[in-house]
Amino acid sequence: MANLILFWHRRDLRVTDNLGLSYAQSKGHSLVGCFCFDPDILNREDIAPVRLQYLLGCLQELQDNYQKLNHPFLLLQGKPEQVIPNLARDLGVMEVVWNRDVEPYSQLRDRRVTEGLKEKGIEVTTFWDQLLVAPEAIRTQTGNPYTVYTPFWKNWQGKQKLDPAAHLQPGGGFFEGQQNALEQVNVIPLPSLKDWGYSESEELVIIPGERAAQEQLQKFGDRSLEFYEQQRNTPSIEGTSKLSAALKLGAIGIRRVWQTTQQAIRKSTSDKSRQNIQTWQQELAWREFYQHVLYHFPELADGPYREPFKHFPWQNNPQHFQAWCEGKTGYPIVDAAMRQLNTTGWMHNRCRMIVASFLTKDLIINWQWGESYFMQHLIDGDLAANNGGWQWSASSGMDAKPLRIFNPSSQAQKFDPKAKYIRQWLPELKSVEAKDLVTGDIPPLVRQACHYPLPIVDHNQQQREFKQRYKQVKENL
Ligand code: FAD
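Residues numbered from 1 in each chain as written. Predicted model: local features only at pLDDT ≥ 70, side-chain atom pairs only at ≥ 80, totals over all residues. Heavy atoms only, no water.

Here's the deal with the packing of aromatic side chains
Next, step 1: Evaluated as defined, the whole model comprises 33 aromatic pairs.
Next, step 2: On the numbers, 5.9 Å between centres and 85 degrees between planes, the contact of tyrosine 149 with phenylalanine 289 is edge-to-face. Taken together, the residues tyrosine 149 in helix H6 (residues 149-158) and phenylalanine 289 in helix H12 (residues 271-296) connect sequence positions 140 residues apart. Phenylalanine 289 matches tyrosine 149 in its accessibility class, with the two residues each being buried.
Next, step 3: A connected cluster of aromatic rings, assembled from ring pairs, spans Tyr146, Tyr149, Phe152, Trp286, Phe289 and Tyr290.
Next, step 4: Over the aromatic face of tryptophan 8 sits the side chain of arginine 10, whose NZ or CZ is 4.5 Å from the ring centroid.
Next, step 5: If you follow lysine 161 out to its NZ or CZ, it ends over the ring of tryptophan 156, 4.5 Å from the centre. (Phe/Tyr/Trp six-rings, centres within 6.5 Å; stacked < 30°, edge-to-face > 60°. Helix = DSSP H or I, 4+ residues; strand = E, 2+ residues; numbered from the N terminus. Buried < 20%, exposed > 50% of the residue type's maximum accessible area, 1.4 Å probe, protein only. Lys NZ or Arg CZ within 6 Å of the ring centre and 35° of its normal.)

Thoughts on the pairing of strand S1 (residues 4-9)
Next, step 1: Across the six residues that make up S1, a large majority, six, are buried.
Next, step 2: Side chains Leu4, Leu6 and Trp8 of S1 all project onto a buried face; the interleaved residues Ile5, Phe7 and His9 project onto the opposite face, where all are buried too.
Next, step 3: Pairing analysis gives six bridges linking S1 to strand S2 (residues 30-37), with the strands arranged parallel. Bridging from a neighbouring strand, leucine 4 pairs with serine 30 of S2.
Next, step 4: A crossover connection joins S1 to the parallel S2 through helix H1 (residues 19-26); in handedness this β-α-β unit is right-handed.
Next, step 5: Pairing of S1 with strand S4 (residues 95-99) involves four bridges; the strand directions are parallel. Bridged to isoleucine 5 within S4 is glutamate 95. (Pairing = 2+ DSSP bridges. Right-handed = clockwise from strand over helix to strand, strands pointing away.)

Topic: the UniProt feature "domain: Photolyase/cryptochrome alpha/beta" (unreviewed entry) in the chain
Next, step 1: Feature annotation in UniProt places "domain: Photolyase/cryptochrome alpha/beta" (unreviewed entry) on residues 3-132, given in this structure's numbering.
Next, step 2: The span residues 3-132 carries 46% helix and 22% strand; its end-to-end C-alpha distance comes to 31 Å. (UniProt positions renumbered as here; feature names shortened; annotations may be inferred.)

Considering the pattern of salt bridges
Next, step 1: A complete count under the given rule lists 24 salt bridges for this structure.
Next, step 2: One salt bridge in this structure joins glutamate 95 and lysine 27, with 2.9 Å as the shortest N-O distance. Of the two residues, glutamate 95 is situated in strand S4 and lysine 27 in the loop between H1 and S2; the sequence distance between them amounts to 68 residues.
Next, step 3: Arginine 352 serves as the salt-bridge partner of aspartate 380, at 2.8 Å between the closest nitrogen and oxygen. Of this pair, aspartate 380 sits in the loop between helix H16 (367-377) and helix H17 (383-394) while arginine 352 sits in helix H15 (residues 349-362), and the two are 28 residues apart along the sequence.
Next, step 4: Judged by relative accessible area, arginine 352 falls into the buried class, the value being 18%.
Next, step 5: Connected through shared salt-bridge partners, Arg11, Asp101, Glu103, Lys248 and Asp382 make up one network. (Salt bridge = Lys/Arg side-chain N within 4 Å of Asp/Glu carboxyl O.)

Describing the side chain of serine 357
Next, step 1: Mapped onto the elements of the fold, serine 357 is located in helix H15.
Next, step 2: Within polar-contact distance, the side chain of serine 357 engages the backbone nitrogen of phenylalanine 406 at 3.0 Å.
Next, step 3: Setting aside residues up to four positions removed in sequence, serine 357 forms contacts with Asp362, Ser393, Arg404, Ile405 and Phe406. (Polar contact = N/O pair within 3.5 Å; in protein donor to acceptor, adjacent residues only side chain to side chain. Contact = heavy atoms within 4.5 Å.)

A look at helix H22 (residues 459-475)
Turn by turn, an α-helix covers 3.6 residues, leaving residues three or four places apart pointing in a common direction.
Next, step 1: Compared with the 24 Å implied by 1.5 Å per residue over 17 residues, the 24 Å span of H22 between its first and last C-alpha is a close match.
Next, step 2: Considered for burial, the residues of H22 that qualify are His459, Gln462, Gln463, Phe466, Arg469, Tyr470 and Val473. Mapping the buried residues of H22 onto a view down its axis gives an arc of 130 degrees, with all of them on the same face. In H22, those exposed residues whose orientation departs by more than 90 degrees from the buried face are Arg464 and Glu475.
Next, step 3: N-capping of H22 is provided by aspartate 458, with a side-chain oxygen placed 3.3 Å from the backbone N of asparagine 460. (Expected span 1.5 Å × (residues − 1). Arc of directions from axis to C-beta.)

Some points on the sheet that holds strand S5 (residues 123-127)
Next, step 1: The strand order S3-S2-S1-S4-S5 describes an open sheet built from five strands, whose pairing is parallel. One side of each edge strand has no neighbouring strand; the edge strands of this open sheet are strand S3 (73-77) and S5. On average, each strand axis in the sheet is tilted by 25 degrees relative to the strand beside it, whichever way the strands run.
Next, step 2: Of the strand pairs in this sheet, S4 and S5 are connected by five bridges, and their pairing is parallel. Its bridge partner lying in S5, glutamate 95 is registered against glutamate 123.
Next, step 3: This element, helix H4 (residues 80-91), spans S1, S2, S3 and S4 of the sheet and lies at about 155 degrees to S2.
Next, step 4: Sitting on the sheet, helix H5 (residues 104-119) is in contact with S1, S4 and S5, with an inclination near 170 degrees to S4. (Axes fitted to C-alpha atoms, helices over the stretch in contact; angles between N-to-C directions.)

Details of the site of the ligand
Next, step 1: Neighbouring the ligand are 27 residues; Tyr228, Thr240, Ser241, Lys242 and Asn349 lie closest to it.
Next, step 2: Here asparagine 386 contributes a side-chain N or O atom positioned 3.1 Å from a nitrogen atom of the ligand.
Next, step 3: Its free accessible area being 810 Å², the ligand has 95% of it covered by the protein chains.
Next, step 4: Given that more than half its atoms are within 2 Å of the pocket grid, the ligand belongs to the largest pocket.
Next, step 5: Those elements that provide at least two residues to the shell around the ligand are helix H10 (244-249), H12, H15 and H17.
Next, step 6: Ranked by the residues each element gives to the shell around the ligand, the list is headed by H12, at six residues.
Next, step 7: Partitioning the shell around the ligand into residue classes produces 14 nonpolar, seven polar and six charged. (Near = heavy atom within 4 Å. Areas by Shrake-Rupley, 256 points an atom, 1.4 Å probe, with all protein chains shown as cover. 1 Å grid on protein atoms, 1.4 Å probe; cavity = no way out; pocket = protein on both sides within 12 Å on 5 of 7 lines; lining within 4 Å. Sits in = over half its atoms within 2 Å of the grid points. Nonpolar A, V, L, I, M, F, W, Y, C, P; charged D, E, K, R; others polar.)

Regarding unusual backbone geometry
Next, step 1: Residue isoleucine 364 is not a glycine yet carries a positive backbone phi of 50 degrees.
Next, step 2: Here isoleucine 364 shows up in the loop between H15 and H16.
Next, step 3: The class for isoleucine 364 is buried, based on a relative accessible area of 0%.

See below:
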């Protein structure tokens with residue numbers, strides 16, 4: 001059966017501004033969309049139920065959108081290297097299209113799927129949809145991939161960026177033979193979180209789906225974008241876009257997001273607001289930087305980039321790790337942040353940096369423990385961004401500055417001076433004065449009365465200890 005094209009959705013769960021999908025439709029043939037639940041991803045230890053719930057919500061809307069536009073959408077289950085080539089063969093498609101990904105597992109999987117399709121004589125076409133600039137399209141003057149953000153940003157910002165891709169248009173129905181083939185295929189209904197043994201959160205911190213992501217972008221663009229620089233570090237206010245989950249699973253297209261920033265710059269009336277918008281563009285560039293480095297250095301997924309951290313003598317105290325996970329370290333800003341994560345599946349960026357520094361530099365615990373805990377809880381958990389954020393905080397990654405140690409008390413004084421955020425997430429401390437909450441100087445008897453723990457370590461002492469260990473490791477290199 002000729003003239004059928006299959007589009008395989010992975011982390012691009014939308015019908016608007018989707019490069020691969022828009023190409024697939026431009027071929028003028030009948031189009032079938034699909035998504036495959038891959039057991040190798042679902043059975044990973046670092047899966048977060050809240051992220052799965054977000055995924056299922058996005059798939060529900062994607063399925064509805066396909067239906068409205070009169071294109072079939074098939075949900076499948078199994079190893080993609082078997083499922084996709086077999087589906088393509090059974091449907092008799094001439095070409096399979098998808099958008100590429102940077103993760104090592106995805107690259108391996110896609111090579112296998114490509115081989116399976118080629119063996120069957122089926123054409124494969126792929127696109128870089130989730131990035132504004134493809135990893136191969138940007139190099140240093142010596143022709144190498146970038147390993148430092150600032151020069152990357154300077155080059156990246158000058159690269160041409162595409163306009164949003166054309167939306168999926170209504171389909172024209174199928175021939176009888178095509179319809180029969182579609183009915184023979186082994187598809188599954190959309191599962192629920194319960195089918196996988198997880199319980200659902202009543203209300204997700206981020207509403208899933210393409211429509212919600214577009215509304216969120218619009219709201220952020222209208223209200224907060226031009227104040228981003230001033231507001232982005234205050235965890236008690238909604239000063240950031242909260243688009244990370246949508247960008248992770250592709251509920252929104254990155255070209256659409258970039259276009260919003262360009263339009264905002266054109267409309268802006270002051271240098272200050274243009275600067276704010278550019279600061280947000282720099283965050284989008286951080287996202288791309290981490291994806292590029294993971295693409296070029298896949299070994300980052302498995303361990304530290306910098307030599308001193310390859311054999312670092314971490315203390316790795318399991319009780320300390322447990323206290324960190326539960327938000328019971330006795331450091332209010334750290335505990336508030338961990339409780340936000342545990343309760344909602346999201347944490348403010350400033351707080352992600354604070355808790356990551358605390359785990360690695362104050363508790364002297366291997367950053368990979370924290371990386372994994374984050375992946376088990378974050379709605380936006382993403383290998384490239386999470387690994388990048390953790391290696392940055394641990395000083396083990398691609399960053400010139402070797403030792404970045406945050407003082408929890410100065411961080412709280414600077415970014416949560418009235419302790420609004422701390423009070424929101426540590427209600428047991430609501431009667432304690434703000435100045436004591438931010439400095440962490442809460443008398444032991446008050447802590448006891450509030451059922452709040454004593455600090456599990458001393459920041460200054462641990463800081464010295466960390467530096468000492470680092471010095472020794474460097475000397476032994
Ligand atoms: P905004 O401030 O509105 O930024 C816009 C978008 O830019 C974000 O949605 C995100 O896609 C991207 N972005 C912003 N900052 C960064 C950054 N530092 N690195 C990479 N991309 C960035 N982000 C994730 O998406 N998934 C993760 O698993 C993740 N883990 C992190 C772990 C640590 C230890 C740290 C320090 C940071 C991590 N980040 C991660 C980056 C950042 O904290 C989140 O992207 C951000 O808080 C999401 O909120 P937002 O959408 O409101 O961001």
